[in-house]
Structures are given as structure tokens and as C-alpha cells.
Amino acid sequence: MEKAVIVYWSGTGNTEIMADKIKEGLEESGYETNMLQVYEASVEAVLEYDKIAFGCPSMGIEELEEEEFEPFFEEIETQLTDKKIALFGSYGWGDGEWMEAWEERVANTGAILFEKGLIINSTPSTEEEDSCLEFGKRFAEF
Ligand SMILES: Cc1cc2nc3c(=O)[nH]c(=O)nc-3n(C[C@H](O)[C@H](O)[C@H](O)COP(=O)(O)O)c2cc1C
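With an unreviewed UniProt entry as reference, the chain is termed Flavodoxin, source organism Haploplasma axanthum. UniProt annotates the chain under Sequence similarities (unreviewed entry) with the comment "Belongs to the flavodoxin family." Quoted verbatim from the Cofactor (unreviewed entry) heading of the UniProt record, the comment on the chain is "FMN".

Asks: Tell me about the environment of Leu-64, and name the residues and values.
Replies: Relative to the helices and strands, Leu-64 resides in the loop between β3 (51-55) and α3 (69-76). Its relative accessible area of 8% is what places Leu-64 among the buried residues. For the pair Leu-64 and Trp-9, spaced 55 residues apart in sequence, the C-alpha to C-alpha distance is 9.3 Å. If sequence neighbours within four positions are ignored, Leu-64 has contacts with Cys-56, Pro-57, Met-59, Phe-69, Glu-70, Phe-73, Trp-98, Trp-102 and Arg-105.

Asks: Residue-level account of the packing of aromatic side chains, with values.
Replies: Applying the stated criterion to the full structure yields ten aromatic pairs. Measuring from centroid to centroid gives 5.7 Å for Phe-73 and Trp-102, while their planes differ by 85°, and the two rings are edge-to-face. Within this pair, whereas Phe-73 is found in helix α3, its partner Trp-102 is found in helix α4 (residues 97-107), the two being separated by 29 residues in sequence. Assigned by exposure class, Phe-73 and Trp-102 land together as buried. On the numbers, 5.1 Å between centres and 55° between planes, the contact of Phe-114 with Phe-142 is tilted. Residue Phe-114 is located in the loop between β5 (112-113) and β6 (118-121), and its partner Phe-142 is located in the segment after α5 (126-141); the two are separated by 28 residues in the primary sequence. The class of Phe-142 is partly exposed, set by a relative accessible area of 30%.

Asks: Got a sec to walk through helix α1 (residues 14-28)? Specific residues and values, please.
Replies: Spanning 15 residues, α1 covers 22 Å between terminal C-alpha atoms, matching the ideal 21 Å at 1.5 Å per step. For α1, the full list of buried residues reads Asn-14, Thr-15, Met-18, Ala-19, Lys-21, Ile-22, Gly-25 and Leu-26. At the C-terminal side of α1, Gly-30 shows a positive phi close to 90°.

Asks: Go over the packing of α1 against α5 with me, naming the residues and quoting the values.
Replies: Axis separation between α1 and α5 bottoms out at 7 Å; the angle between their running directions is 45°. Relative to α5, α1 is oriented oblique. Where α1 crosses over α5, the handedness of that crossing is right-handed. For the pair α1 and α5, contact is made by Ile-17, Met-18, Lys-21, Ile-22, Glu-24, Gly-25, Leu-26 and Glu-28 and by Glu-129, Cys-132, Leu-133, Phe-135, Gly-136, Lys-137, Phe-139 and Ala-140, respectively. Looking at side-chain class alone, the contact of α1 with α5 contains nine nonpolar, two polar and five charged residues.

Thresholds, definitions, all that
- Residues numbered from 1 in each chain as written.
- Predicted model: local features only at pLDDT ≥ 70, side-chain atom pairs only at ≥ 80, totals over all residues.
- Heavy atoms only, no water.
- UniProt positions renumbered as here; feature names shortened; annotations may be inferred.
- Helix = DSSP H or I, 4+ residues; strand = E, 2+ residues; numbered from the N terminus.
- Buried < 20%, exposed > 50% of the residue type's maximum accessible area, 1.4 Å probe, protein only.
- Contact = heavy atoms within 4.5 Å.
- Phe/Tyr/Trp six-rings, centres within 6.5 Å; stacked < 30°, edge-to-face > 60°.
- Expected span 1.5 Å × (residues − 1).
- Axes fitted to C-alpha atoms, helices over the stretch in contact; angles between N-to-C directions.
- Parallel < 35°, antiparallel > 145°, perpendicular 65-115°, else oblique.
- Left-handed = near helix turned anticlockwise from the far one by under 90°.
- Nonpolar A, V, L, I, M, F, W, Y, C, P; charged D, E, K, R; others polar.

See below:
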């Protein structure tokens, strides 16, 4: 069975809901999917996968969460060449600027970025949960 990993940070659970649905989509498409909160993930273990989804909400001022997620991502981003990467996360009052910056960062690593990062305002609605599921399914096909 093909394998994927989801690594995420979520303070109030919105990005976690997205992660759960993306996992479901990947699994429905035949991917064995390991889902890890960033604090429990090691760079070495994550790099064993060729398909990696990263999830982090917009924090700071349009930034990745700085205590756990940013340090992890900073370490792994230099080693993502040829990996297939999906990005997702929830946001609040902004316009998704953090995701645009994050996409650009991934594009500069030599990784293969899947679509545009999936962003959802606040808590996903039922329809938005479905869009996460579909995102997971498409990522499986990618
Ligand atoms: C400290 C802090 C900073 C935030 N900064 C932003 C921001 O710059 N732009 C934005 O759109 N939302 C911002 N938000 C809102 C969160 O992105 C939003 O509440 C999101 O749904 C949280 O996702 P989570 O439940 O996965 O933690 C911020 C929230 C907190 C607590």
C-alpha cells in the first residue's frame, strides 16, 4: 500500500478537522496515512515519505506558528527536493497571505507543490469538510 504522512499544528482544532478529512480522503484512495502533530514528528521519520501534507493555521501576523511548527518546517524545508507536498490550514481575519508566502517557500525548495494550499476560514462547515476530503483524494492521485 502506498503511504503518506500529515504533519500539523492546531491550537483550537480547526486545522485538525481539516487534517482528519484530508486523511480520510487519502485513505479512501488507498493511501495508508500517518497523521502526526508536529511536536510528535521527527524530521527523519517524515522524510521517509514521498507524499507529505503540512497543516498550520495563520498565526503571528500572517505567519506559521512560531514555537513548534516554524522550527520544524525550517529544518525540513532544506530536504524536500522531489517530495510531493500539500499545504493546508485555517485562518481568521486575514486574507490568506500566510499561505501565499508558505507556497512560495515550498516552491523554492525543489519540492513538487500540489495545487494551491487549501485554506479555510475558521471552523470548516460541512461543505468545507467535504472540500478537505476531496483535496485528500486529489492529493492521492497526484
Ligand atoms: C496568536 C494568533 C495569531 C493569529 N494571527 C492570524 C493572522 O495573522 N491572520 C489570520 O487570518 N488569522 C490569524 N489568527 C486566527 C487563526 O488563524 C484562526 O483562529 C484559525 O482558525 C486557528 O486555527 P486552529 O484552530 O487550527 O488553531 C490568529 C490566531 C491567534 C491565536
